[in-house]
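Each chain, written out:
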Number of protein chains: 2
Amino acid sequence: MNDTPGPLLQSLPPDLIRRFAAIVGPEHALTDPDQQLPYLREWRDTYFGQSALVLRPASTAEVSAILTLAHAEGIAVVPQAGNTGLVGGQIAMRGEVVVSVARMTKVRTVDAVGGTMTVEAGLTLAECQQTADRAGKLFPLTLPSEGSCRIGGNLGTNAGGVGVLAYGNTRQQVLGLEVVLADGRVWDGLRALKKDNTGYDLRDLFIGSEGTLGIITAAVLRLLPKPAEKATAMVAIRSIEDALALFNMAQQAADRGLTAFEFMPRLVLDFVLRHIAGTREPFAATYAWYVLIEISGAQADGTANRQLESILTDATDRGLVIDAVMAQSIAQARDLWRLREGISEAQKPEGGNIKHDVSVPIASIPVFISRANAIVERICPGARPLPLGHFGDGNVHYNIAQPTGMDKAAFTKLTPQIMREVHDLVMSYGGSISAEHGIGQTRRAELARVKSDVELDLMRRIKSALDPKGILNPGKML
Amino acid sequence: MNDTPGPLLQSLPPDLIRRFAAIVGPEHALTDPDQQLPYLREWRDTYFGQSALVLRPASTAEVSAILTLAHAEGIAVVPQAGNTGLVGGQIAMRGEVVVSVARMTKVRTVDAVGGTMTVEAGLTLAECQQTADRAGKLFPLTLPSEGSCRIGGNLGTNAGGVGVLAYGNTRQQVLGLEVVLADGRVWDGLRALKKDNTGYDLRDLFIGSEGTLGIITAAVLRLLPKPAEKATAMVAIRSIEDALALFNMAQQAADRGLTAFEFMPRLVLDFVLRHIAGTREPFAATYAWYVLIEISGAQADGTANRQLESILTDATDRGLVIDAVMAQSIAQARDLWRLREGISEAQKPEGGNIKHDVSVPIASIPVFISRANAIVERICPGARPLPLGHFGDGNVHYNIAQPTGMDKAAFTKLTPQIMREVHDLVMSYGGSISAEHGIGQTRRAELARVKSDVELDLMRRIKSALDPKGILNPGKML
């Protein structure tokens, strides 16, 4: 998967570099490789890019001036926010001008009464959460990278995360956008409205377009009431089939108070207990599958705890839950969450790992996992599937650890074959080959393979209509 | 506002009529004016259309064949579902071929476990609700016209309604779509996925596009858990400013359990009590403003009632609520709702009525109403504003009844001037001139006037990309 820089495919004459630099100021127009490094290096070292020029505009007007010039001269640009994307969408591979919004970090307005805030694209997700919190509100988007990812990137990729079950993905948190178009014009769609039926839904077209249709410079985000209490439990179940019945019980009982329903098999818990300091076995016995359940309540009146207890009692009576532990304190809840949050890190010491970020209709999750496991065992006997994820979203991070003792490179070489067969299986259930990470570079060839010709044609028509010269993030997504 | 048919601007040679008729069968290809009448007459008699041919296809394949032929021959078509739209978007004005989806009423699948159903565009909204109900689930979209409007029209216009506050508008109820494109190709986007980040959001582009980008033939709709209990109250407040504080209290307390928060001034209640049989004064005294509040609970454990009581007690202590009545039975709740639901009908006997369907940020509702009233009083002294609607959505149906005793025609003549000034005021708050009804014919000129050139250009580029010959619903929206 490692792409190393080839020859610089787009270089810029000094005069053009000067004209770009004049827009942002010379200190924010980077040509020095050391200074460019943070904008070219993907954080897991999966991609290493190259750029004729990295620009760090401070305002929408500067982004607009950059694109006006780039459009006039036919210069390709790659928009970048926090540089935390998982599919290489933010990395310039062919010398493109990188336009980083990292300096655009203003909170333009906070309207606690109306339940909105308007922020610039460079604000980190954690700063968005904190801004909401200071206003007595909740901004519900939650990601492992929230300390460094920036909201412009979350918007550009329609980021997901643990909170999607109750609150929806990034798309659902947005009321309005400000976007600089390919030719430098600014679309002011910064509306703070819950209802607006005046024409095409341009907002949702830009969200998730991965910088190929415009550069998002600001957004009006929804603020929600803060939950006043949470109840958390880890439960053990016999089979993933039982997770489906348990999920439906929990959803019927808690409705939209059900804020997490995360599943993992025993092997994943083994990895976490083995490699993550400070974690410990939640039960005296070991079980096949585990589910982390969280219920949030609007009032601090014990309703969340009562609902969770009632769900667990009913599910135990019906034989769905075979063991359960409810957190009795915030510290205990944190311990349970650590078992979920340590998963990503805990896979690394186990060697090679082939990752999928797929979704299927939730009723198909059990049969999908069973058939995917069979594919993996046929292609690579002894490989260890780690199907885990956000059950209620149908989102399975179908990861596969290499067989113990196998050569890592030999295992990694199987990636294309396994990925293709797993993705074909996903498509047979009407699923998605990228539930929350996007397409970028990593899944571009697979997208072209699994999407219908009609859908690819529709996407290309829209791309041509909005970026006729093809200067925005070329080679990504489409 | 009455448009009468002019000369038939598009007529079809007999051979072409035969070729279209061969697709759907001659009995479903209507040229006889009497047979065409239900498809040409707008139900309030605001528009009366004309069509060379009304086609009633029975399947997606037939819709596809119709558009393939229409595209090849350059024939304009007007898609139509339940013919209940309020802005004339569904009426053929210039002889276009009407394509009615009213015969496409199959429920293709219901997946109660996965929480989805796939239905065809001709199913009425009431049938959608009943299908969900039979599966033990809730389909939350609710409209006064639900017995006759069809889901394809709801999707095409992104319909709103009373349930938007808690459940979102039509857009939020949709997971996937099947759309016949302008050239007859079928986009199969019938995905039942909660998370799918594989390319541009085509689904939301078609939803709300009012038949100008494609004909929606089927959809995968979300099913939600049914509320197990509801608590309902009518409260009296001193001023619309107090509604804002009360709304924020209610939302903080009930969060997404708050399923209705509808406001109306005394004059509206006067009209309802005067003209709607079986309604009665909710309080011993009369007050300036009324709010209908509903809270829904996932469990039948009395939580909804307790939450509502607690809100009313707190709000009364703070002086926000000056009188309140809580429904003690389902019959009493129905009586309170009748006061809201009778509003539309109650306005007719009072003479001329100028209607707006606007939204503004909710914190701006009070000042918007006050300034709009001043505009109305300046232009037409004695006119009676009836600002009412869905407070939590920022959606004000800013209607104006004519002054008592004024000539109706003289009042109606003031419509353009009043509408322009009210819409300018709306735009000054970053609002929307059509919160839930759409643009169609009625608001087309106003849309062109209030939208930025950049936004109109983006919309036109998308229209040209997806319907290069301009055959889909010409003269509507754009």
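Everything in this summary refers to the structure shown in the same document. (Residues numbered from 1 in each chain as written. Chains lettered and ligands numbered in written order. Predicted model: local features only at pLDDT ≥ 70, side-chain atom pairs only at ≥ 80, totals over all residues. Heavy atoms only, no water.)

1. Observations regarding the interface of chain B and chain A
Opposite the 85 residues of chain B that make contact, chain A presents 85 residues. Of the roughly 6,900 Å² buried between chain B and chain A on both sides combined, carbon and sulfur atoms contribute 53%. Three residues stand out in chain B for area buried against chain A, namely Lys195, Asn197 and Tyr200 of chain B, and they jointly supply 15% of the buried area on that side. Where chain B meets chain A, there are ten salt bridges. For Lys195 of chain B, the salt bridge is made with Glu436 of chain A, and the minimal N-O distance between the two is 2.8 Å. (Contact = heavy atoms within 4.5 Å. Buried area = accessible area lost by both parts, 1.4 Å probe. Salt bridge = Lys/Arg side-chain N within 4 Å of Asp/Glu carboxyl O.)

2. Describing the relation of the copies chain B and chain A
Two chain copies, one operation linking them: a rotation about an axis together with a shift along it. For the match of chain B to chain A, the screw axis carries a shift of 0.0 Å, the RMSD comes to 0.1 Å, and the turn is 180 degrees. Here the transformation between the copies is reduced to the relation of a two-fold axis. When the interface residues of chain B are mapped onto chain A, 99% of them again fall at the interface, so both copies present the same face. (Least-squares fit on C-alpha atoms with pLDDT ≥ 70 in both.)

3. As for the pairing of strand S5 (residues 107-111) of chain B
All names here are of chain B. Relative to strand S6 (residues 116-120), S5 runs antiparallel, the two sharing four bridges. Residue pairing in the sheet places Asp111 in a bridge with Thr116 of S6. Count of turn residues in the S5/S6 antiparallel hairpin: four residues, of which Gly115 carries a positive phi of about 75 degrees. (Pairing = 2+ DSSP bridges. Helix = DSSP H or I, 4+ residues; strand = E, 2+ residues; numbered from the N terminus.)

4. Description of helix H3 (residues 60-73) of chain B
Residue and element names in this part refer to chain B. Between its first and last C-alpha, H3 extends 20 Å over 14 residues, near the 20 Å set by a 1.5 Å rise per residue. Of the positions making up H3, those classed as buried are Thr60, Glu62, Val63, Ser64, Ile66, Leu67, Leu69, Ala70 and His71. Backbone geometry just after H3 places Gly74 at a positive phi near 70 degrees. (Expected span 1.5 Å × (residues − 1). Buried < 20%, exposed > 50% of the residue type's maximum accessible area, 1.4 Å probe, protein only.)

5. Remarks on helix H8 (residues 240-254) of chain B
What sets the pattern is the α-helix's 3.6 residues per turn: residues three or four places apart point alike. Residue and element names in this part refer to chain B. The terminal C-alpha atoms of H8 lie 21 Å apart, and with 15 residues this matches the ideal 21 Å at 1.5 Å per residue to within 8%. Within H8, twelve of the 15 residues are buried, which leaves the element mostly enclosed by the surrounding structure. For H8, the full list of buried residues reads Ile240, Asp242, Ala243, Leu244, Leu246, Phe247, Asn248, Met249, Ala250, Gln251, Ala253 and Ala254. Just downstream of H8, Asp255 is the residue with a positive phi angle, here 50 degrees.

6. Examining the packing of helix H1 (residues 14-24) of chain B against H3 of chain B
Residue and element names in this part refer to chain B. For the pair H1 and H3, the least separation of the axes is 9 Å and the interaxial angle reads 165 degrees. Classed by the angle they form, the pair H1 and H3 counts as roughly antiparallel. The chirality of how H1 crosses H3 is right-handed. Contacts between H1 and H3 involve Leu16, Arg19, Phe20, Ile23 and Val24 from the first element and Glu62, Ala65, Ile66, Leu69, Ala70 and Glu73 from the second. Residue composition of the contact of H1 with H3, by class: eight nonpolar, no polar and three charged. (Axes fitted to C-alpha atoms, helices over the stretch in contact; angles between N-to-C directions. Parallel < 35°, antiparallel > 145°, perpendicular 65-115°, else oblique. Left-handed = near helix turned anticlockwise from the far one by under 90°. Nonpolar A, V, L, I, M, F, W, Y, C, P; charged D, E, K, R; others polar.)

7. Digging into the packing of aromatic side chains
As enumerated under the stated definition, the model contains 20 aromatic pairs over all chains in all. The interplanar angle of 75 degrees and the centroid separation of 5.1 Å between the aromatic rings of Phe247 of chain A and Phe261 of chain A together place this pair among those described as edge-to-face. In this pair, Phe247 of chain A sits in helix H8 (residues 240-254) while Phe261 of chain A sits in strand S13 (residues 258-265), placing the two residues 14 residues apart along the sequence. With relative accessibility at 1%, the residue Phe261 of chain A sits in the buried group. Centre to centre, the rings of Phe263 of chain B and Trp289 of chain B are 6.3 Å apart; their planes meet at 35 degrees, and the pair counts as tilted. (Phe/Tyr/Trp six-rings, centres within 6.5 Å; stacked < 30°, edge-to-face > 60°.)

8. Looking at the sheet that holds strand S1 (residues 29-30) of chain A
All names here are of chain A. Taken in spatial order, the four strands make up an open sheet running S1-S2-S4-S3, and their pairing is mixed. Of all the strands in the sheet, the pair left with one neighbour each is S1 and strand S3 (77-80). Here S1 pairs with strand S2 (residues 51-55) via two bridges, running antiparallel. Note that in S2 the partner of Leu30 across the bridge is Val54.

9. Focus on the side chain of Asn197 of chain A
Among the structural elements, Asn197 of chain A can be located in the loop between strand S9 (186-189) and helix H7 (202-206). For Asn197 of chain A, the side chain forms a polar contact with the main-chain oxygen of Asn158 of chain B, separated by 2.8 Å. In terms of polar contacts, Asn197 of chain A uses its side chain to reach the backbone carbonyl oxygen of Glu436 of chain B, at 3.2 Å. Those residues in contact with Asn197 of chain A that lie beyond four places of it in its chain are Thr157, Asn158, Ser432, Ser434, Ala435, Glu436, His437, Gly438 and Ile439 of chain B. (Polar contact = N/O pair within 3.5 Å; in protein donor to acceptor, adjacent residues only side chain to side chain.)

10. Overview of the side chain of Glu455 of chain B
Looking at where Glu455 of chain B falls in the secondary structure, it is placed in helix H17 (residues 453-466). For Glu455 of chain B, the side chain forms a polar contact with the side chain of Arg191 of chain A, separated by 3.0 Å. When sequence neighbours within four positions are dropped, the list of residues in contact with Glu455 of chain B reads Trp187, Arg191, Thr198 and Leu202 of chain A.

11. Re the pattern of salt bridges
Counted according to the given criterion, the structure contains 52 salt bridges over all chains. The residue Asp183 of chain A makes a salt bridge to Arg185 of chain A at a minimum N-O spacing of 3.0 Å. Judged by its relative accessible area of 21%, Asp183 of chain A falls in the partly exposed class. The exposure class of Arg185 of chain A is partly exposed, given its relative accessible area of 27%. Each of the salt bridges in this network shares a partner with another, and the network as a whole consists of Arg171, Arg203 and Asp204 of chain A together with Asp201 of chain B.

12. Concerning empty space enclosed by the protein
Rolled over the atoms, a probe as big as a water molecule pinpoints where empty space is left. With the rule as written, the count across this model stands at five cavities of 30 Å³ or more. Roughly 510 Å³ of internal volume is contained in the second largest cavity. Together, 29 residues line the second largest cavity, and Ala254, Gly257 and Gln307 of chain A together with Ala254 and Gly257 of chain B are the ones closest to its centre. Looking at the lining of the second largest cavity, the elements with two or more residues in it are strand S14 (289-297) and helix H10 (303-317) of chain A together with strand S14 (289-297) and helix H10 (303-317) of chain B. It is H10 of chain B that contributes the most residues to the lining of the second largest cavity, three residues altogether. Of the residues in the lining of the second largest cavity, the class split is nine nonpolar, 14 polar and six charged. (1 Å grid on protein atoms, 1.4 Å probe; cavity = no way out; pocket = protein on both sides within 12 Å on 5 of 7 lines; lining within 4 Å. Points joined across faces, edges and corners; volume = space filled by probe spheres on them.)

13. Brief notes about the environment of Arg384 of chain B
Residues and elements named next belong to chain B. Relative to the helices and strands, Arg384 resides in strand S18 (residues 384-390). In this structure Arg384 comes out as buried when scored by relative accessible area, which is 15%. Along the chain, Arg384 and Thr170 lie 214 residues apart, while their C-alpha atoms are 32 Å from each other. Those residues within four positions of Arg384 in sequence are excluded, and the remaining contacts are Leu267, Phe271, Glu350, Asn399, Ile400, Ala401, Gln402, Pro403 and Thr404.

14. Section: the sheet that holds strand S8 (residues 174-181) of chain A
All names here are of chain A. Spatially, the five strands line up as an open sheet ordered S5-S6-S10-S8-S9, and their pairing is antiparallel. Bordering the open sheet on either side are strand S5 (107-111) and S9, each of which pairs with just one other strand. Neighbour to neighbour, the strand axes of the sheet diverge by 15 degrees on average, direction disregarded. Two elements, S8 and strand S10 (residues 214-222), share seven bridges in a ladder whose sense is antiparallel.

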